[in-house]
Amino acid sequence: TLSKIRRQSMLLGAQVMCKTVLDKISEFERKPGNKSNNDHKRLIKYIKNFCEIGLSRKVNADSETEPIDQTVQN
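Described below are features of the structure shown in this document. (Residues numbered from 1 in each chain as written. Predicted model: local features only at pLDDT ≥ 70, side-chain atom pairs only at ≥ 80, totals over all residues. Heavy atoms only, no water.)

### Here we look at the layout of surface pockets
Item 1. Put simply, the largest pocket is a space of about 250 Å³.
Item 2. In this structure, the largest pocket is lined by 13 residues; those nearest its centre are Gly13, Met17, Cys51, Gly54 and Leu55.
Item 3. Taken together, the elements giving at least two residues each to the lining of the largest pocket come down to helix 1 (2-30), helix 2 (37-54) and strand 1 (57-59).
Item 4. Looking at the lining of the largest pocket element by element, the count peaks at five residues for helix 1.
Item 5. Residues belonging to the lining of the largest pocket are distributed by class as follows: eight nonpolar, three polar and two charged. (1 Å grid on protein atoms, 1.4 Å probe; cavity = no way out; pocket = protein on both sides within 12 Å on 5 of 7 lines; lining within 4 Å. Points joined across faces, edges and corners; volume = space filled by probe spheres on them. Helix = DSSP H or I, 4+ residues; strand = E, 2+ residues; numbered from the N terminus. Nonpolar A, V, L, I, M, F, W, Y, C, P; charged D, E, K, R; others polar.)

### Looking at the packing of aromatic side chains
Item 1. Under the defined criterion, the tally for this structure stands at zero aromatic pairs.
Item 2. Sitting above the plane of the tyrosine 46 ring, lysine 24 keeps its charged end 4.4 Å from the centroid.
Item 3. Here lysine 35 stacks its cationic end above the ring of phenylalanine 28, 5.8 Å away from the centre of that ring. (Phe/Tyr/Trp six-rings, centres within 6.5 Å; stacked < 30°, edge-to-face > 60°. Lys NZ or Arg CZ within 6 Å of the ring centre and 35° of its normal.)

Shown next as C-alpha cells:
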C-alpha cells in the first residue's frame, strides 16, 4: 500500500512540474505581438531556473532532503 501511495505521489509531482512549465510556455505564446529573441531567452531562463531549483536538493533513503554541494554539480 505504501509503495502504491509513493508511486502515485511521484507521478503527481511529475505532473505538477510539467504543468507549471507548460503553463509558463502557454502564457508566453498567448501574449499578443511579436516575440523577440530576448523574450525567448527570458522564457528559457525562467524554465532553467525552475528546473535548477527542483534539482538543488538530494533526497535520502529516509525521504529527508539536503542541499546538493554546488561545486560537485558544476
